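The chain contents come next:
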Amino acid sequence: MSLDLLPPFIREHYEVHEWKHACAILKQDFPDEWQEIVGVLSDFRLLKSWLTVGGGRKSKVAEAFDGALGKLGWQEKGFDTKMVVDGVSLDSPTHKVDCFKNRVALEIEWNNKDPFFDRDLNNFRLLFDLRVVSVGIIVTRCDELQDIFDKLSRGTSYGSSTTHMGKLLPRIQGGGGGGCPLLVFGIRKSLYEEDC
């Protein structure tokens, strides 16, 4: 399996799933982006102080990934897409991608409502079909982190209807990403650090 292409640290500290040879495509066709993703995932730690603060527009987890990838040239990216049928132009809007670089799209879904997964997967499918995305990546949380949230009395903020691996996998297995090669990473308990 091409998951073996990932360094041992990533395989041990993230729940990883792939579809349509995403790892092989990334490593072979996008080696710089592959190394950057591996580096950011390897450096990431889930800090207690991020979990004990209230919500806002963007979580501290999403900010950490956005910031680390942003320093490497990844950008939030929107696409102006439309279809033309018999000379009539029809807008076909897509959603912005959190982090985009050289045909690789990465979304961080930390604690949103679970329909955000549908939006992300549909976006990857459409952008892949339009030949602007070659691989879609989602970083989310493993279900096992619920134990930590409960111990911090934050369990209700991270409920079962929010984004986590248990909500993502059935959507992908049901064909939610279409033909787009997908790679998903779930943050495990082993990345948790008590910094306060």
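Everything below is about the structure printed above this text.
Residues numbered from 1 in each chain as written. Predicted model: local features only at pLDDT ≥ 70, side-chain atom pairs only at ≥ 80, totals over all residues. Heavy atoms only, no water.

## Overview of the overall build of the protein
Reasoning step 1: Check the secondary structure of the protein and you find eight helices and ten strands.
Reasoning step 2: Burial statistics for the protein: of 196 residues in total, 46% are counted as buried.
Reasoning step 3: Expressed as a percentage of contacts within the protein between residues at least 6 apart in sequence, the contacts between residues at least 24 apart total 72%.
Reasoning step 4: Looking at the protein as shown, the accessible area adds up to about 9,700 Å², and 50% of this sits on carbon and sulfur atoms.
Reasoning step 5: Treating the 25 positive side-chain charges of the protein as one cloud and the 29 negative ones as another, the clouds have centres 2 Å apart. (Helix = DSSP H or I, 4+ residues; strand = E, 2+ residues; numbered from the N terminus. Buried < 20%, exposed > 50% of the residue type's maximum accessible area, 1.4 Å probe, protein only. Contact = heavy atoms within 4.5 Å. Areas by Shrake-Rupley, 256 points an atom, 1.4 Å probe, with all protein chains shown as cover. Lys, Arg positive; Asp, Glu negative; His and termini not counted. Charge placed at Lys NZ, Arg CZ, Asp CG, Glu CD.)

## A word on the sheet that holds strand β3 (residues 75-77)
Strand pairing in a sheet relies on backbone hydrogen bonds, with the paired strands running either antiparallel or parallel.
Reasoning step 1: Read across the open sheet, the six strands follow the order β1-β9-β8-β7-β6-β3; overall the sheet is mixed. Two strands in the sheet have a free side with no partner beyond their single neighbour: β1 (14-19) and β3. Recorded for the sheet is a direction-independent mean angle of 30° between the axes of neighbouring strands.
Reasoning step 2: Here strand β6 (residues 97-101) pairs with strand β7 (residues 104-108) via three bridges, running antiparallel. When the sheet's bridge partners are listed, Phe 100 is paired in β7 with Ala 105.
Reasoning step 3: Along the sheet, helix α5 (residues 60-70) contacts β1, β6, β7, β8 (135-141) and β9 (182-187); its crossing angle with β7, the most-contacted strand, is approximately 155°. (Pairing = 2+ DSSP bridges. Axes fitted to C-alpha atoms, helices over the stretch in contact; angles between N-to-C directions.)

## Some details on empty space enclosed by the protein
Reasoning step 1: Within this structure, the stated rule accounts for one cavity of 30 Å³ or more.
Reasoning step 2: In this structure, the largest cavity spans a volume of roughly 40 Å³.
Reasoning step 3: Residue lining of the largest cavity: Ile 37, Val 40, Leu 41, Phe 65, Leu 69, Leu 106 and Val 139, and that is the complete set.
Reasoning step 4: Of all the secondary structure elements, the ones that give two or more residues to the lining of the largest cavity are α3 (31-43) and α5.
Reasoning step 5: Looking at the lining of the largest cavity, the element that brings in the most residues is α3, giving three residues. (1 Å grid on protein atoms, 1.4 Å probe; cavity = no way out; pocket = protein on both sides within 12 Å on 5 of 7 lines; lining within 4 Å. Points joined across faces, edges and corners; volume = space filled by probe spheres on them.)

## So, the state of the cysteines
Chemically, a disulfide is nothing more than a covalent bond linking the sulfur atoms of two cysteines.
Reasoning step 1: Following the criterion strictly, the structure yields zero disulfides and no others.
Reasoning step 2: Here Cys 99 stays unpaired: no disulfide links it, and the sulfur of Cys 180, its closest cysteine neighbor, is 16 Å away.
Reasoning step 3: Exposure remark for Cys 99: the relative accessible area of 3% places this residue in the buried category. (Disulfide = S-S within 2.5 Å.)

## A short note on α5
Each α-helix winds once per 3.6 residues, and so residues spaced three or four apart point in a common direction.
Reasoning step 1: Among all positions in α5, only Val 61, Ala 62, Phe 65, Asp 66 and Leu 69 are buried. For α5, the buried positions fall inside an angular range of 130° around the axis, keeping them on one side. (Arc of directions from axis to C-beta.)

## Some thoughts on the nonpolar core
Reasoning step 1: Membership of the largest hydrophobic core comes to 41 residues, with the highest contact counts inside it found for Tyr 14, Leu 46, Phe 65, Phe 185 and Ile 187.
Reasoning step 2: Ranked by residues supplied to this core, first place goes to α3 with five residues.
Reasoning step 3: Excluding its chain neighbours within four sequence positions, the residues that come into contact with Leu 46 are Leu 51, Val 61, Trp 110, Leu 145, Ile 187, Leu 191, Tyr 192 and Glu 193.
Reasoning step 4: Among the nonpolar cores identified, the runner-up in size contains 17 residues, and Val 97, Phe 124, Val 133 and Leu 168 belong to it. (Core = buried A, V, L, I, M, F, W, Y, C linked by side-chain atoms within 4.5 Å.)

## Section: the pattern of salt bridges
It is possible for side chains bearing opposite charge to pair when their charged atoms get close.
Reasoning step 1: According to the stated counting rule, one finds 13 salt bridges in the structure shown.
Reasoning step 2: Taking the shortest distance from any N to any O, the salt bridge between Glu 107 and Arg 119 comes out at 4.0 Å. Of this pair, Glu 107 sits in strand β7 while Arg 119 is found in helix α6 (residues 115-129), placing the two residues twelve residues apart along the sequence.
Reasoning step 3: Judged by relative accessible area, Arg 119 falls into the partly exposed class, the value being 23%.
Reasoning step 4: The structure contains a network of salt bridges with shared partners spanning Glu 107, Glu 109, Arg 119 and Asp 120. (Salt bridge = Lys/Arg side-chain N within 4 Å of Asp/Glu carboxyl O.)

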